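# Chains, contacts and geometry: an overview
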Amino acid sequence: MLADNFIFHLHYRWTVILLLVCSFIITCRLVLGHSFSCVSVDGFTQEQLETYCYDHYVYTWSDKHPEFRRYQDFYPWVNLLFLVHAFNFYIPHLLWNYYDRDCIRRLADVDLGNNKEEKGKLKLCYLANYILATQGNHKLYTGMRIFCECLNYAIALAQTLWLGFFFKATFVLKFLKWSDFQKVYFPSIGNCSITVNKMHHETACFLPLNKLYMYMFLFIHAWYILLTILSGIVLIYRLVLLVPSKRVYIMRFTAAWIDKETLKSLSLRLSYADWFFFTRFQRELSDVDFAQMVEKIAILSVYKSCDGKDENNPSASHNGRKEPGSSSDNSPVEDAMLKQSI
């Protein structure tokens, strides 16, 4: 299934790009634009006042509960938050790349034979033999991929919650009016308290970036929820593949040109990890080449046992050599491969 690769790409590519762009825009506004200003107070220069209020955060209060202060402590740190989130989303991809090292592509790009037609046939034979020769050795490979997908799900879920707590906007749905939501969570004006020589001063501060933060929060929060749902679907899909009959159904859905009986035979002969490994070649080969590779794997898996012996002719070895008394010039494997024009 190619959709799971697409969802993996959503995490480490498109989400990371989105977060980096948002962080860059905010940083430009903080550095180049006028992102914070306060009404002047006697005894303070404008720069001193804005520095103090920026460091100690401004606050808002509710008309119903004026004693309750809601501090805008996230205001200076949003660009850094998005950078951290971008790095977190990239971690599963780093782990997978470190382990995988693009082995599927390197196997699919193996160069055999002298001409183009011969290279194609030999490559498919090589891949089919390689998959069967390494049968049972793909558990760690499959487990690492599933671990990275679980990590994607955990990161998407954790950062969805983190984003809400960071902006203190964990109860968005209770606001039916847009103006109420903006006023409570992302106000354009806040208050700052200053005490000098036992004299208490209150001043108003303008928060022009809060409107930008609000739109970014709503979009990224919705994007995180979508990623969490899609990542959960991928994990459910992995569980469904534990059932051999479901593997056949899903493969028929993505590669309808492959014979159903061939897939049934393979689903019973290949373990979950081996099935996962061989389906990884689907994105590296053309539809025709992948179908031919599946047929070759089915032929080899029928005629050869796990120890490399021919099931119909136990005296034949894995490399095709005959024991004395063998009645055939070609092994059943060779006959079958000849029929497939290999």
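What this report covers is the structure whose coordinates are included nearby. The shown structure was predicted, so the numbers you read here are calculated from the model rather than taken from an experiment. (Residues numbered from 1 in each chain as written. Predicted model: local features only at pLDDT ≥ 70, side-chain atom pairs only at ≥ 80, totals over all residues. Heavy atoms only, no water.)

### So, the environment of lysine 123
Topologically, lysine 123 is positioned in helix H5 (residues 116–133). The sequence separation of lysine 123 and valine 110 amounts to 13 residues, and the corresponding C-alpha distance is 6.6 Å. If sequence neighbours within four positions are ignored, lysine 123 has contacts with Ala108, Val110, Leu112 and Leu285. (Helix = DSSP H or I, 4+ residues; strand = E, 2+ residues; numbered from the N terminus. Contact = heavy atoms within 4.5 Å.)

### Some thoughts on the packing of helix H6 (residues 139–166) against helix H8 (residues 209–240)
Two elements in contact, H6 and H8, have axes whose closest approach is 9 Å; the angle formed by their N-to-C orientations is 150 degrees. Considering the angle they form, H6 stands roughly antiparallel to H8. Crossing of H6 against H8: the hand is left-handed. Contact with H6, carried on its side by Arg145, Ile146, Glu149, Cys150, Asn152, Tyr153, Ala156, Leu157, Gln159, Thr160, Leu163 and Gly164, involves Phe217, Ile220, His221, Tyr224, Ile225, Leu227, Thr228, Ser231, Gly232, Val234, Leu235 and Arg238 of H8 and no other residues of that element. (Axes fitted to C-alpha atoms, helices over the stretch in contact; angles between N-to-C directions. Parallel < 35°, antiparallel > 145°, perpendicular 65-115°, else oblique. Left-handed = near helix turned anticlockwise from the far one by under 90°.)

### Some points on the state of the cysteines
Joining two cysteines, a disulfide is a covalent bond between their sulfur atoms. In this structure the tally under the stated criterion is two disulfides. Between cysteine 38 and cysteine 205 runs a disulfide, and the two sulfur atoms are separated by 2.0 Å. One disulfide, between cysteine 38 and cysteine 205, carries an S-S torsion of 100 degrees and so falls in the right-handed class. A residue pair is termed long-range when its members are at least 10 positions apart, and cysteine 38 in strand E1 (residues 37–38) and cysteine 205 in strand E5 (residues 199–206) qualify at 167 residues. Between the sulfur of cysteine 53 and that of cysteine 192 lies a disulfide, 2.1 Å long from S to S. Because the torsion about its S-S bond is -95 degrees, the bridge between cysteine 53 and cysteine 192 counts as left-handed. Of the two residues, cysteine 53 is situated in helix H2 (residues 46–56) and cysteine 192 in strand E4 (residues 189–196); the sequence distance between them amounts to 139 residues. There is no split in this pair, since cysteine 53 and cysteine 192 are both buried. Shown here for the protein chain is a disulfide pattern of 1-4, 2-3, where each number marks a bonded cysteine counted in sequence order. Of all cysteine sulfurs in the structure, the one in cysteine 150 sits closest to cysteine 148, which takes part in no disulfide; the separation is 9.3 Å. (Disulfide = S-S within 2.5 Å. Buried < 20%, exposed > 50% of the residue type's maximum accessible area, 1.4 Å probe, protein only.)

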